[in-house]
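Structural overview
Here is what each chain is made of, one letter per residue.
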Amino acid sequence: MAEDIRSVTLLGTPVLNAESLVDIVQAYHPSADGALIKKAYLYSEYAHRTQTRKSGDPYFVHPASVAGIIADLRLDTASVCAGLLHDVLEDSGVSRDSIEHEFGSEIAGIVDGVTKLGKFNFTSREDRQAESFRKMVVAMAQDVRVLLVKLCDRLDNMRTLDHMSPEAQERIARETIEIYAPLAGRLGMQRIRGELEDLSFRYLEPEAFQELSQKLHKTKKDRERYIESVCRTIMARLAEQGYAAEVTGRAKHLYSIFRKMKEQGSEFEQVLDILAFRICVETSAECYSALGAMHSRWTPIPGRFKDYIALPKPNMYQSLHTALIGPGRQRIEVQIRTHEMHRVAEHGIAAHWKYKERGSSGLDPKDAEKFEWLRELAEFQGNLKDPVEFVESVKIDLFPDEVYVFTPKGHVHVLPRGATPVDFAYAIHSEVGSHCVGARANGQIVPIRYKLKSGDVIEILTSPTQEPSKDWLDFCVTTRARSRIRTMLRAEQRQKSINLGRELLESGFREAGMSYSKFSKSETEVRRVLKELNHPHWDEVLLEVGYGKISSEQIVSVLKADEHTEAPPVSERFRSSRIEKLVRKVTGRDASGIKVSGIDDVLVRYAKCCNPLPGDAIIGFITRGRGVTVHRRECQKAFDTEPERRIDVQWDARAKINRPVQLCVTTANKPGILAVVSQTFSAQSINISEANCRAGDDGRARNVFTFHCNDLSQLKSVMKALSKVNGVVEVSRV
């Protein structure tokens, strides 16, 4: 680093200075390298000296704030330095080599892992974001500090999101609540997860957020009095039994209350257990004694007790949870844990950090084993060629609800809620999953679609002749299972396409009066064709013939070209595939940049599984004999196809397209609600062409409406209007 770099004064903007940051770190890590932290501070401050944020603040406020959050988590020196430097590679033109030269390979590796992919060209913003996340996963599997720094970076960005455009706010908030908040949860960092969820909720549902905040504020004084009274009662009760306990109470997070309202289809006033109390004692034995004291004092609510001490969550979270009918017949939730368990619950993996010399991973090997899922994510991303598909798969594995199931020998496996015996089989071993034919749950034969329940003892039944079926993708939920199934199905489909390509070539050769058998035995001729087509292997040529990307006529023309005469230009000899010719003929555009312009015949088709609308991010697939099929990018069925058949498509802005779409509107089952919903459609100038309404036993009605829509913005507008209707629980696109 140049000797003349000096600290730049940030006038009018509160920012953590270098000395204060070093003091915070050395307070919990006395041997921390303060000089290195100061050097990183000055380096970053100088690198960002000419940059400002959307708010007008100096950009350096952000990395300094991120470093402060990292220090609050009590992480090591390398993490704090990486927090200061995390945007230097992306925004300041500094190379990784420069960072490595100044701060070493350890810090450079963390910074590089956090840095977004800004130097590559992707077909869409979604691909860029997905590929960036994919890169981060690979890096964090090698060093989990990459993810910790990224979470702190995202938290500070969410705290300062006010100055972004509404579109950017919604996009960043949705990515946060779908990816980063669950990641914080999987790392056991509940405090950060809760704040990320509440901040995302603020931008994704601004009206609901404001309304809920006001209602909580109105009841704040009464709630605080109630919490104080209950805390005193609990402490007195435990003191009678000789336990010195720390007791606190609070209202649940806003997003947690909102989610409960949606799940129950209820108003704020009807949500009963919004208060949570925490009891911290010294030992695990005292936790169970405190539980007994609570159950003897107040009536426990059946089915609401969970023991995460005996069965810890995968993120190392431990606590006893129970729900009670408390004072004033009010429902309360009580969490009981030791002080150490509470530290882990708040900071997760960061609470297990070991302060060692530079170059170490910082995690005890036993603790590192509990985060094996990070390495599995990195493994799965290698099997999935589409980055967007990878992100969608990760969302499933980060789903917060879990079930605990056991092998016949008593080994526990934690799976997402909704997992099936096939998911369980793949969790044991890939071969067990691939040959699964059925299962026994608690000694009883169950179908492979059976939804596992916590406490189930599962025995997998296998057969050596069984192979994965495409139908399994309809009910499997874990990334491991879906990845393995897709890999085997694609290998099978690939072989079928190769066989089809061989048949087409044999037919083409016969029409040209040639023998494909003799040709395939001539290594010289095969190599000549491979060279002309620029393909390394003959199987790849057969594959593209099977897909319709190369015609048999092209290969025959290569062979018929006289080697002793001047060969025609490549552009003449290798004409476009038949599908591409058809696309040009009908659309007047190249297939590689096809624009969907309302065509709905055998050439360009809209997938019925996801019903794409103008404005949706889309992708096309070459389907032999059926042209190009257009899917929404997040469509699960689209991910089941081979990546080699995918082509980029985009909407034609000039075309007027009116597409059918379906919305599922879940409402409270009460008189008049259907009329109000119908009036809401009419107010949006939308005519309902079909409605399917069904009332359930849970007091709700599920209504599926079919109508025509011009584009995604019109659909979002009607969904927003429906969400505001009193009695509407959920609005989702079918």
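Please read all numbers here as calculations on a predicted model, not as lab measurements.

Digging into the overall build of the protein
Scanning the protein for helices and strands turns up 31 helices and 21 strands. Sorting the 734 residues of the protein into buried and exposed places 51% on the buried side. A separation threshold of at least 6 residues defines the contact pool for the protein, and within that pool the share at least 24 residues apart is 67%.

Some thoughts on unusual backbone geometry
Notably, Arg74 is not glycine yet its phi reads approximately 65°, a positive angle. The phi dihedral of Asn611 is positive, around 45°, even though this residue is not glycine. Summarising the element assignment, Asn611 is placed in the loop between strand S13 (604-606) and strand S14 (618-623).

Some points on the sheet that holds strand S10 (residues 444-446)
Adjacent strands of a sheet form backbone hydrogen bonds with each other and so pair up, either parallel or antiparallel. Pairing within the open sheet is antiparallel, and its 3 strands lie in the order S10-S9-S11. Where the open sheet ends on each side, the last strands, each with one partner, are S10 and strand S11 (458-462). Each strand axis lies, on average, 35° off the axis of its neighbour in the sheet, ignoring direction. Relative to S10, strand S9 (residues 436-441) is paired through 3 bridges, and the arrangement is antiparallel. Across the sheet, Arg440 pairs through a bridge with Ile445, a residue of S10. Running over the sheet, helix H20 (residues 421-428) touches S9, S10 and S11 and is turned about 85° from S11.

So, the sheet that holds strand S18 (residues 659-668)
The strand order across the open sheet built from 4 strands is S19-S20-S18-S21, with neighbouring strands paired in antiparallel fashion. Two strands in the sheet have a free side with no partner beyond their single neighbour: strand S19 (688-695) and strand S21 (728-733). Each adjacent strand pair in this sheet contributes to an overall mean axis angle of 15°, direction not counted. Both S18 and strand S20 (residues 700-709) contribute to a ladder of 10 bridges, which runs antiparallel.

Comments concerning the side chain of Arg154
For Arg154, the position within the fold is in helix H9 (residues 145-159). Look past the residues within four positions of Arg154 in its chain and what remains in contact with it is Ile172, Glu175, Thr176, Tyr180 and Leu196.

Details of the environment of Arg494
Note that Arg494 resides in helix H22 (residues 479-511). Sequence separation between Arg494 and Glu540 is 46 residues, and the spatial gap between their C-alpha atoms is 9.8 Å.

Some thoughts on H9
Here H9 spans 21 Å end to end across 15 residues, near enough to the 21 Å set by a 1.5 Å rise per residue. Most of H9 is tucked away, with 13 of its 15 residues classed as buried.

Focus on the packing of H22 against helix H25 (residues 538-547)
In contact at an axis separation of 7 Å, H22 and H25 are set at 80° when each is read in the N-to-C sense. Considering their axes alone, H22 and H25 lie roughly perpendicular with respect to each other. Contacts from Arg494, Ser497, Ile498, Leu500, Gly501, Arg502, Leu504 and Leu505 in H22 reach Trp538, Asp539, Glu540, Leu542, Leu543, Val545, Gly546 and Tyr547 in H25. When the residues that make up the contact of H22 with H25 are grouped by side-chain class, the tally is 9 nonpolar, 3 polar and 4 charged.

Comments concerning the packing of aromatic side chains
Geometrically, a pair of aromatic rings is defined through the distance of the ring centres and the angle of the planes. Applying the stated criterion across every chain yields a total of 9 aromatic pairs. Judged by centre distance (6.4 Å) and plane angle (35°), the ring pair of Tyr255 and Phe258 falls under tilted. Here Tyr255 pairs with Phe258, and both are found in helix H14 (residues 254-264), just 3 residues apart, close to one helical turn. With respect to class, Tyr255 is no different from Phe258; both count as buried. Each residue in the set Phe201, Phe209, Tyr255 and Phe258 is aromatic and connected to the rest through ring pairs, giving one cluster.

Digging into the packing of helix H3 (residues 61-72) against helix H4 (residues 77-85)
The description of two packed helices rests on the angle between their axes and on the distance between the axes. Taken N-terminus to C-terminus, the directions of H3 and H4 make an angle of 160°; their axes are 7 Å apart at the nearest point. When the axis of H3 is compared with that of H4, the two are roughly antiparallel. Pair H3 / H4 crosses with right-handed handedness. Between H3 and H4, the contacting residues are Pro63, Ala64, Val66, Ala67 and Ile70 on the first element and Ser79, Val80, Gly83 and Leu84 on the second.

With respect to the pattern of salt bridges
All told, the structure shown has 23 salt bridges when counted by the stated rule. In this structure, the salt-bridge partner of Glu197 is Arg259, at a minimum N-O distance of 3.8 Å. Linking Glu197 in helix H11 (residues 190-204) with Arg259 in helix H14, this pair joins segments that are 62 residues apart in sequence. For Glu211, the salt bridge is made with Lys215, and the minimal N-O distance between the two is 3.2 Å. In this pair, Glu211 and Lys215 both sit in helix H12 (residues 206-218), 4 residues apart, roughly one turn of the helix. One salt-bridge network, in which partners are shared between bridges, spans Asp76, Glu106 and Arg145.

What to know about the nonpolar core
Membership of the largest hydrophobic core comes to 100 residues, with the highest contact counts inside it found for Met189, Ile234, Phe277, Ile279, Met294 and Ile336. The residues touching Met189, leaving out its near neighbours within four places in the chain, are Leu73, Leu148, Leu151, Ala184, Ala345, Glu346, His347, Gly348 and Ile349. Judged by nonpolar contacts, the second largest core, of 25 residues, contains Val422, Ala425, Ala441 and Leu452.

A look at the environment of Asp33
Relative to the assigned elements, Asp33 resides in the loop between helix H1 (18-28) and helix H2 (34-47). You can call Asp33 partly exposed: its relative accessible area is 34%.

Points about the confidence of the model for the protein
Of all residues in the protein, 78% attain a pLDDT of 70 or more, and the chain-wide mean is 78. Of all the helices and strands in the protein, helix H27 (residues 570-573) carries the lowest mean pLDDT, 36, while H2 carries the highest, 93. Within the model, pLDDT remains below 50 along residues 567-577, and this stretch shows 16 contacts once partners closer than five positions in the same chain are excluded. Below pLDDT 50 for its whole length, residues 579-593 participates in 27 contacts with residues either more than four positions away or in separate chains.

Observations concerning the side chain of Asp423
Its place among the elements puts Asp423 in helix H20. An unpaired buried charge is present at Asp423: no salt bridge exists, and Lys451, the closest side chain of opposite charge, is 7.1 Å distant. Among the polar contacts listed, one links the side chain of Asp423 to the backbone nitrogen of Thr420, at a separation of 3.0 Å. A polar contact of 3.0 Å, which involves the side chain of Asp423, links it to the backbone nitrogen of Val477. Sequence-distant contacts of Asp423, defined by excluding residues within four places in its chain, comprise Phe475, Cys476, Val477, Thr478 and Ala481.

Cut-offs and rules
Residues numbered from 1 in each chain as written. Predicted model: local features only at pLDDT ≥ 70, side-chain atom pairs only at ≥ 80, totals over all residues. Heavy atoms only, no water. Helix = DSSP H or I, 4+ residues; strand = E, 2+ residues; numbered from the N terminus. Buried < 20%, exposed > 50% of the residue type's maximum accessible area, 1.4 Å probe, protein only. Contact = heavy atoms within 4.5 Å. Pairing = 2+ DSSP bridges. Axes fitted to C-alpha atoms, helices over the stretch in contact; angles between N-to-C directions. Expected span 1.5 Å × (residues − 1). Parallel < 35°, antiparallel > 145°, perpendicular 65-115°, else oblique. Nonpolar A, V, L, I, M, F, W, Y, C, P; charged D, E, K, R; others polar. Phe/Tyr/Trp six-rings, centres within 6.5 Å; stacked < 30°, edge-to-face > 60°. Left-handed = near helix turned anticlockwise from the far one by under 90°. Salt bridge = Lys/Arg side-chain N within 4 Å of Asp/Glu carboxyl O. Core = buried A, V, L, I, M, F, W, Y, C linked by side-chain atoms within 4.5 Å. pLDDT = per-residue confidence, 0-100. Lys, Arg positive; Asp, Glu negative; His and termini not counted. Polar contact = N/O pair within 3.5 Å; in protein donor to acceptor, adjacent residues only side chain to side chain.

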